[in-house]
Amino acid sequence: NILLSPADEVLIDRLLHFEQIEPIPLPQALHVTVRPYQQEGYRWLGFLYQHRLGACLADDMGLGKTLQAISLFAGIKEGIIRAAEPVQGPHLVVLPPSLLFNWEHEIGRFYPELTVQSYTGKERTLAFSQADVVLTTYGLIRRDIAILEQVRFNVILFDEAQAVKNIVARTTGAARRLKGYFKCVMTGTPLENHVGEYYSLMDLCVPGLLGDYEELKGKVKAPPPELLDTIMQRSKPFVLRRTKMQILKELPPKIETDIYLDLTD
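The rules behind the values
Residues numbered from 1 in each chain as written. Predicted model: local features only at pLDDT ≥ 70, side-chain atom pairs only at ≥ 80, totals over all residues. Heavy atoms only, no water. 1 Å grid on protein atoms, 1.4 Å probe; cavity = no way out; pocket = protein on both sides within 12 Å on 5 of 7 lines; lining within 4 Å. Points joined across faces, edges and corners; volume = space filled by probe spheres on them. Helix = DSSP H or I, 4+ residues; strand = E, 2+ residues; numbered from the N terminus. Nonpolar A, V, L, I, M, F, W, Y, C, P; charged D, E, K, R; others polar. Salt bridge = Lys/Arg side-chain N within 4 Å of Asp/Glu carboxyl O. Core = buried A, V, L, I, M, F, W, Y, C linked by side-chain atoms within 4.5 Å. Buried < 20%, exposed > 50% of the residue type's maximum accessible area, 1.4 Å probe, protein only. Contact = heavy atoms within 4.5 Å. Patch = residues over 30% accessible without salt bridge, like charges linked within 9 Å, V, L, I, M, F, W, Y side chains within 5 Å. Areas by Shrake-Rupley, 256 points an atom, 1.4 Å probe, with all protein chains shown as cover. Pairing = 2+ DSSP bridges. Axes fitted to C-alpha atoms, helices over the stretch in contact; angles between N-to-C directions. Parallel < 35°, antiparallel > 145°, perpendicular 65-115°, else oblique. Left-handed = near helix turned anticlockwise from the far one by under 90°. Phe/Tyr/Trp six-rings, centres within 6.5 Å; stacked < 30°, edge-to-face > 60°.

Colleague: So, the layout of surface pockets: which residues are in play, and what are the values?
Modeller: Reported here for the largest pocket is a volume of approximately 330 Å³. Every residue lining the largest pocket is counted, 19 residues in all, and those nearest its centre are Met 61, Gly 62, Lys 65, Thr 66 and Glu 160. Those elements that provide at least two residues to the lining of the largest pocket are α3 (65–77) and α4 (100–110). Partitioned by chemical class, the residues of the lining of the largest pocket number 6 nonpolar, 8 polar and 5 charged.

In structure tokens:
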């Protein structure tokens, strides 16, 4: 017999009787038009969050992965999307340093009700009590993992997750030690060189989904078709990927502007 907590029993019962993802209303205070495919991504993320699973949002570059993630944070903030159990702690977004300003700017623009704190610089501190979202970099989680792994986060989001595609790298090892209720990786290129990279990303957001890496590592460079089929079948519910070609009708027309500059000597 397997003994489950009451929260786990409710969770498994919901999954056993699952028929379709229920519509989840958009956050009321979201200051942006969310396109239909982005609403689908938001509902998909919300469903996986509610069921304490994990996600790989792998839309093409330029389709608004950041907006879909901010919508998830906003849905949680407004109580529209609820966890299966009480969760405390801020969300953590791990990203390359070049995207820190972009994330701060887009949260301020799309959903300013979220309080943002940067865990960067020499004066960085774990005083996160007033923060809804904490932004930090891959370099800092590698350096400070002994401190950061003691903090309990709500959503942990890895943006430009190619940074953790090498499962034996120190940065990936640090990322795997972070503790959160729900983990999501965002990347437009979930597989670049070999299946081992895909394994690393999926095992980060849904640990154990694809089995033991030791059994796979000799086959990742040239996987047999049956292994590829198993990996795709198991990971399919947790990966959402749309290309520009698929949703071309929903994208706004391209605007080209010519700007002329007078250069000095």
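Colleague: Pulling in residues and values, what's your account of the pattern of salt bridges?
Modeller: Inspection of the entire model under this criterion finds 9 salt bridges. As a salt-bridge pair, Arg 242 and Glu 40 come within 3.5 Å of each other at their nearest N and O atoms. In this pair, Arg 242 sits in the segment after β7 (239–240) while Glu 40 sits in helix α2 (residues 36–50), placing the two residues 202 residues apart along the sequence. As a salt-bridge pair, Arg 52 and Glu 85 come within 2.6 Å of each other at their nearest N and O atoms. Linking Arg 52 in the loop between α2 and β1 (54–57) with Glu 85 in the loop between α3 and β2 (91–95), this pair joins segments that are 33 residues apart in sequence. Taken together, the shared-partner salt bridges connect Glu 40, Asp 59 and Arg 242 into one network.

Colleague: Now, about the nonpolar core: what can you tell me, with residues and values included?
Modeller: With 70 residues, the main nonpolar core has Trp 103, Phe 158, Leu 178 and Phe 182 as its most contacted residues. If one sorts the elements of this core by residue count, α3 sits on top with 7 residues. Apart from the residues within four sequence positions on either side, Trp 103 is in contact with Thr 66, Ala 69, Ile 70, Phe 73, Val 93, Leu 95, Leu 135, Leu 157, Asp 159 and Met 186.

Colleague: I'd like a rundown of a nonpolar patch on the surface, residues and numbers included.
Modeller: On the surface, a nonpolar cluster with roughly 420 Å² of combined accessible area is contributed by Ile 259, Leu 261 and Leu 263. Assignment of secondary structure puts Leu 263 in the segment after β7. Among the residues examined, Leu 263 registers a relative accessible area of 74% and is labelled exposed.

Colleague: I'd like a rundown of the sheet that holds β1, residues and numbers included.
Modeller: An order of β3-β4-β2-β5-β6-β1-β7 is seen for the 7 strands of this open sheet, with the pairing classed as parallel. Each of the sheet's edge strands pairs with one partner strand only, and the pair in question is β3 (116–118) and β7. In this structure, β3 lies alongside strand β4 (residues 133–137), joined through 3 bridges in parallel fashion. For Gln 117, the partnering residue across the bridge sits in β4 and is Val 134.

Colleague: Which residues make up the pairing of β2, and what are the values?
Modeller: Judged by how many residues are buried, β2 sits mostly within the fold: 5 of 5 residues are covered. Of the two faces of β2, the one holding His 91, Val 93 and Leu 95 and the one holding Leu 92 and Val 94 are both buried throughout. The pairing of β2 with β4 spans 5 bridges and is classified as parallel. If you follow Val 94 over to β4, its bridge partner there is Thr 136.

Colleague: Describe the packing of α2 against α3, naming the residues involved and giving the relevant values.
Modeller: One can describe the packing of α2 onto α3 by two numbers: an axis separation of 9 Å at closest approach and a directional angle of 50 degrees. Classified by the angle their axes make, α2 and α3 are oblique. Once α2 is placed against α3, the crossing between them reads as right-handed. Contacts from Tyr 37, Gln 38, Gly 41, Tyr 42, Leu 45, Gly 46 and Tyr 49 in α2 reach Leu 67, Gln 68, Ser 71, Leu 72, Gly 75 and Ile 76 in α3. Grouping the constituent residues of the contact of α2 with α3 by class yields 7 nonpolar, 6 polar and no charged.

Colleague: Explain the packing of aromatic side chains to me, using residue names and the numbers behind them.
Modeller: Overall, the coordinates contain 4 aromatic pairs when judged by the stated rule. Taking 5.1 Å as the distance between ring centres and 65 degrees as the angle between the ring planes, the aromatic pair formed by Tyr 49 and Tyr 181 counts as edge-to-face. One end of the pair, Tyr 49, is in helix α2; the other, Tyr 181, is in strand β6 (residues 179–186), with 132 residues separating them in the sequence. Ring centres of Tyr 49 and Phe 182 lie 5.7 Å apart, and the angle between their planes is 75 degrees; this geometry places the pair in the edge-to-face category. Linking Tyr 49 in helix α2 with Phe 182 in strand β6, this pair joins segments that are 133 residues apart in sequence.

Colleague: Provide a residue-level description of unusual backbone geometry, including the pertinent values.
Modeller: With phi around 55 degrees, Arg 52 is a residue other than glycine that occupies positive phi space. Its identity is not glycine, yet Glu 160 carries a phi of approximately 50 degrees, on the positive side. Along the chain, Glu 160 falls in the loop between β5 (152–159) and α6 (170–177).

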